[in-house]
Amino acid sequence: MGTHMQWDIFCKVIDNHGDLGVCWRLASQLAVLGERVRLWIDDGTALNWMAPAGCDGVKVIDWSDPVAVRAAVAGPVPDVLIEAFGCEPAPELVARFAAGATAEGEHRAWINLEYLSAEPYVERLHGLPSPVFKGPGAGLTKRFFYPGFTPATGGLLREPDLAERQAGFDRASWLAAQQIPWKENERLVSLFCYEPPALAALLAQLAEGPEPTRLLVTAGRAANAVKAHFSNASPENPALHGHGALSISYLPYLTQPDFDHLLWACDLNFVRGEDSLVRALWAGAPLVWQIYPQDDDAHHAKLNAWLDWLGAPPSLRRFHHVWNGFDDEPLPPLETQGLWRETARAARDRLYAQDDLVVQLRHLIAQKS
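Residues numbered from 1 in each chain as written. Predicted model: local features only at pLDDT ≥ 70, side-chain atom pairs only at ≥ 80, totals over all residues. Heavy atoms only, no water.

Q: When you look at the overall build of the chain in this model, what are you seeing that I'm missing?
A: Along the chain, the regular secondary structure elements total 15 helices and 12 strands. What you see for the chain is a C-alpha radius of gyration of 22 Å, in line with the 21 Å of a compact globule of 369 residues. Projected onto the principal axes, the alpha-carbon positions of the chain cover approximately 70 × 40 × 40 Å. Taking all 369 residues of the chain together, the buried fraction comes to 56%. Look at the contacts in the chain between residues 6 or more apart in sequence, and 70% of them connect residues 24 or more apart. As displayed, the chain has an accessible area near 16300 Å², and 52% of this comes from carbon and sulfur atoms. Averaging the coordinates of the 31 positive side-chain charges in the chain and doing the same for the 45 negative ones gives two points 3 Å apart. (Helix = DSSP H or I, 4+ residues; strand = E, 2+ residues; numbered from the N terminus. Rg over C-alpha atoms; globule rule 2.2 N^0.38 Å. Buried < 20%, exposed > 50% of the residue type's maximum accessible area, 1.4 Å probe, protein only. Contact = heavy atoms within 4.5 Å. Areas by Shrake-Rupley, 256 points an atom, 1.4 Å probe, with all protein chains shown as cover. Lys, Arg positive; Asp, Glu negative; His and termini not counted. Charge placed at Lys NZ, Arg CZ, Asp CG, Glu CD.)

Here is the structure:
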């Protein structure tokens, strides 16, 4: 790329685990490569547990702070402006960027970082220009950047040393450090979800199954949903911690590295949204995705497009449909071996054969500058 650049990334937090998680990973990966990054967010509360140590080279700024906005307007113009997920930066900052972008000899890039999808339109729109006709940025051109699962898209976020770190991971030591009372004959399943309609059916299936299972439940909505299932149980009631073949451990909020460790430790992972889906794919274990629901049921097509790309066998496709509330059939049995595992490993191999998102993003910017 030549010289290192100043990047401004704007993120409006809707789901603090997803939108902020993606933007923090992007910012920190750029910083590790020597880029200077300002992450503008309207609510950085989740970073207190997600990334408590911060990252050298990343400055987190509250974009509702007028003092910070004035300081940025008075300072150097960023080389790259990234709007994450359709958010709209402060007009003053766009105007400052526009002034630098139109100066003679200056090369700036304005990127619209879109949501992740496996639908066909992603390949058609990735990298296309989007002229700005009004507002402080009028006369400039944004570029659509679509993360995705195929070589014709922008790829997925992946640290250069991810495979090496996973290969050196010690599951038993990590579980012990988290004070998770794992027995080696127990199947480990992680649960990071919203409030899935089939949660009760899953808990019953695990409790009544022939194989001992420890369910590792993440903090927040997943833990609240599981505890609500046992609404008549007091904190002392053993049902809160499982019954029959099911044991339940409730986890604290995890840093991003420890969330990866959780996924690496488990034989199957339930994930939700966007960021955790990508991390579960890199983990290479069987996974079940709860997609973010949309009022017009657009998430149905989005989920099915991803299942098509994944090459999901019929049992895994049915499980996803029931888990996401597309139909009310009985929940199929979970599989941690066989086709589900082979499918996950094959998907990871395909993704590793492609350039990651940061490599592709920097390449696009170099081409257009």
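After presenting the structure, the write-up continues.
Q: I'm lost on helix α10 (residues 256-265) in this one. Help?
A: Residues three or four positions apart in an α-helix share a direction because the helix packs 3.6 residues into each turn. For α10, the tally of buried residues reaches 8 of 10 residues, placing the bulk of the element in the interior. Here α10 has its buried residues at Q256, F259, D260, H261, L262, L263, W264 and A265.

Q: Would you mind going over the nonpolar core with me for this structure?
A: Nonpolar side chains in soluble globular proteins tend to end up buried together. Counting residues in each nonpolar core, the largest one holds 68 residues, and the members touching the most others are F270, L281, W306 and W323. Top contributing element to this core by residue count: helix α11 (residues 275-283), with 6 residues. Formed by 35 residues, the second largest nonpolar core is a distinct cluster that contains C11, L26, A51 and I111. (Core = buried A, V, L, I, M, F, W, Y, C linked by side-chain atoms within 4.5 Å.)

Q: Can you walk me through the sheet that holds strand β10 (residues 246-250) in this structure?
A: Paired through their backbone hydrogen bonds, the strands of a sheet run either parallel or antiparallel. With parallel pairing, 5 strands are arranged side by side in an open sheet as β10-β9-β8-β11-β12. Every interior strand has two partners, whereas the edge strands, β10 and β12 (287-290), have only one. Adjacent strand axes in the sheet meet at a mean angle of 15°, parallel and antiparallel pairs treated alike. As defined by bridge partners, strand β11 (residues 268-272) adjoins β12 across 4 bridges and the pair is classed as parallel. Paired with F270 across the two strands is V288, which belongs to β12. (Pairing = 2+ DSSP bridges. Axes fitted to C-alpha atoms, helices over the stretch in contact; angles between N-to-C directions.)

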